[in-house]
Amino acid sequence: MPTIYQTHVKTILPVRLGYSNLYEPRAFKAQKETDDNKPQAAPKYSLNALMDKMKDAKNIKRFTAAQQAAIQRAVDRGNWSKRMVNSASLSFRDCDEYEISVKVGTEDKVMTLAEQNPKKEGKYELRASSKANARPQVYYMDKKGKIIPMPKPITDPDPDDPRAMAEADRIHVFWDEQVYAGQNALVSVTFGTWNTPAGNGVRASIDWVLIVGGGTPEGQVEFKDDFNEDDMSQLLAWRNANAASTPSFSFEDEDTVDETTGEVVDEPKPRKRKPVDDEDEEETPAPRRRTRKPVEVDEDEADDEEPVTPRRRKAQPVELDDDEEETPVVKRRSRRPVVEEEEDFDEPDVF
C-alpha cells in the first residue's frame, strides 16, 4: 500500500496575518548576481502569518506535521539526502530558533528571526506564496456570518473610462480595509519541496484565505492596552490642577454626569428651583363652563301623540282534506312532585 503524505493543512483557528500581497502579484528584489543577463524574480502572490506558541498550539502542531510530511516524501523518493534535510530552507519556522544571515553594516551576521524582529519572539512564522497565474482564493466573513468571495481586483482599468477607474478604486479600498497586516484569518496551504543548484527547501503554496476580521493594523496600539489606571489618575490630577472643571458627556442612557465635578454618577442630583415671589405671581382664573339649556317640548304636541302598540297577526285556520281526520288535542296532566321522605340513620358508635 503506498504511503500517504498529508502535506495539505489549514488552520482550525484564526491566525494573525503579516505583510501579504494578495491583491495583485508582486516581484521582489532579486539577489545580487554577477551575471547582468540573469532575469529578475518573477512576480507572485505572497502571504505571511504569525502563530503564538501559547494561543495557537493546535495550529502549530498541524502545520509542523504537514511540513515534515513533505520533507519525508522528498527523502523517501530519493530527492533529498540527510545533509539536505539539515540545510533546507523552511516555510514554517520557529522564530526563536530559526537562523538567517543578516547584513549589518558591511558584515554578515547570523541571528534568529526573533533577534531580527523582537515582535516575533515566542511565535512561529508561515511564509506562503503562489504564482502570478494562480490567484489564491480569498474570502471574507460579513457581520451576519456569511462567507463571500472578495471582489476581483481591476489592476489595469481604462484611464479614459471614469466608471472603470472609480470601480477599480472602490475595489482597491475595500481590499485595503479587509486585508492588512494584523488582520485575523484562516489559511489553507499545501507544502512541497524544491531543489536548485544554490540549495533546497520547503515551499508552501496558498490554497485559500478567509478573512475573519477583528484585527488590529500592524504598528497600531489599542487604547485599552496602552492606557491604564495609573495613567487615568495622573490625568485627573493634572486636569484638576490646570484645567477648568467642565461637565463631561456620556452617550449611555443610564449614565448621568455631575455638573460640578464632570464625573459620571449613578443618580442625578435634584435641581434647585428658583423661588417665585407672591407679588409677581398672578392668579390664573379658572375656566368657566357653559351651561346647556334644556330642550323645551310643546305640551300640546306631547298630548296628541299616541303610544304605538305592536299588533299580533291572527292565526288563520288550516283547512283539512277529506281523507285527513282531525287529531284530538290531548290534555297533559301535570305531575305532582315526588317528595322523598328522609330516612332515619343510626348514629355511629363512638369508640
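Residues numbered from 1 in each chain as written. Predicted model: local features only at pLDDT ≥ 70, side-chain atom pairs only at ≥ 80, totals over all residues. Heavy atoms only, no water.

Taking an unreviewed UniProt entry as the reference, the chain is identified by name as DUF2815 domain-containing protein belonging to Bifidobacterium callitrichidarum.

### Describing the overall build of the chain
Of regular secondary structure, the chain possesses 7 helices and 14 strands. By the burial criterion, 22% of the 351 residues in the chain qualify as buried. For the chain, long-range pairs separated by at least 24 residues make up 64% of all intrachain contacts whose partners lie at least 6 apart in sequence. When the accessible surface of the chain is totalled, it reaches about 30,700 Å², and 49% of it is carbon and sulfur. (Helix = DSSP H or I, 4+ residues; strand = E, 2+ residues; numbered from the N terminus. Buried < 20%, exposed > 50% of the residue type's maximum accessible area, 1.4 Å probe, protein only. Contact = heavy atoms within 4.5 Å. Areas by Shrake-Rupley, 256 points an atom, 1.4 Å probe, with all protein chains shown as cover.)

### Section: the pattern of salt bridges
Inspection of the entire model under this criterion finds 6 salt bridges. Between K103 and D108 there is a salt bridge, with its nearest N and O atoms 3.6 Å apart. Taken individually, K103 and D108 each receive the classification exposed, so the pair is uniform in this respect. One network of salt bridges, in which partners are shared, links K53, D94 and D96. (Salt bridge = Lys/Arg side-chain N within 4 Å of Asp/Glu carboxyl O.)

### Things to note about the environment of D96
Within the secondary structure, D96 sits in the loop between β5 (92-94) and β6 (99-104). On the basis of relative accessibility, which here comes to 30%, the residue D96 falls in the partly exposed class. Along the chain, D96 and E115 lie 19 residues apart, while their C-alpha atoms are 7.8 Å from each other. Ignoring sequence-local partners within four residues, the contact set of D96 consists of K53, T112, A114, K120, E121, G122 and K123. One polar contact links D96 to K53, side chain to side chain, over a distance of 2.8 Å. (Polar contact = N/O pair within 3.5 Å; in protein donor to acceptor, adjacent residues only side chain to side chain.)

### Concerning helix α4 (residues 162-178)
With 17 residues, α4 extends 25 Å between its outermost C-alpha atoms, agreeing within 8% with the 24 Å of an ideal straight helix rising 1.5 Å per residue. What α4 keeps buried is the set A168, I171, W175 and Q178. Seen from one end, α4 has its buried residues packed into an arc of 95°, which puts them on one side. Looking at α4, the residues exposed on the side facing more than 90 degrees away from the buried face are P162, R170 and E177. (Expected span 1.5 Å × (residues − 1). Arc of directions from axis to C-beta.)

### Here's the deal with a negative patch on the surface
A contiguous patch of negative charge on the surface is contributed by D156, D158, D160 and D161. You can see D158 is positioned in the loop between β10 (147-149) and α4. Residue class for D158 comes out partly exposed when judged on its relative accessible area of 41%. (Patch = residues over 30% accessible without salt bridge, like charges linked within 9 Å, V, L, I, M, F, W, Y side chains within 5 Å. Lys, Arg positive; Asp, Glu negative; His and termini not counted. Charge placed at Lys NZ, Arg CZ, Asp CG, Glu CD.)

### Remarks on the environment of T112
Relative to the assigned elements, T112 resides in strand β7 (residues 107-112). A residue is classified by how much of its surface remains accessible, and T112, at 10% relative accessible area, is buried. Those residues in contact with T112 that lie beyond four places of it in its chain are C95, D96, E97, Y98 and E99.

### Observations concerning the packing of aromatic side chains
All chains considered together, the criterion is met by 5 aromatic pairs. Judged by centre distance (5.5 Å) and plane angle (75°), the ring pair of Y23 and W175 falls under edge-to-face. Here the residue Y23 occupies a position in strand β3 (residues 21-26), and W175 occupies one in helix α4, the gap between them amounting to 152 residues. Between the aromatic rings of F63 and F191, the centroid separation amounts to 6.3 Å while the plane-to-plane angle is 85°, which identifies the pairing as edge-to-face. One end of the pair, F63, is in helix α1 (residues 57-76); the other, F191, is in strand β11 (residues 184-196), and 128 residues separate them in sequence. (Phe/Tyr/Trp six-rings, centres within 6.5 Å; stacked < 30°, edge-to-face > 60°.)

### Remarks on the pairing of strand β12 (residues 199-211)
When strand β9 (residues 137-141) meets β12, the two strands line up parallel, connected through 4 bridges. The residue bridging Y139 from the neighbouring strand is L210, located in β12. Note: β11 against β12, 12 bridges, orientation antiparallel. In the sheet register, T193 faces β12, and the bridge partner there is V202. The antiparallel hairpin formed by β11 and β12 contains 2 residues in its connecting segment. (Pairing = 2+ DSSP bridges.)

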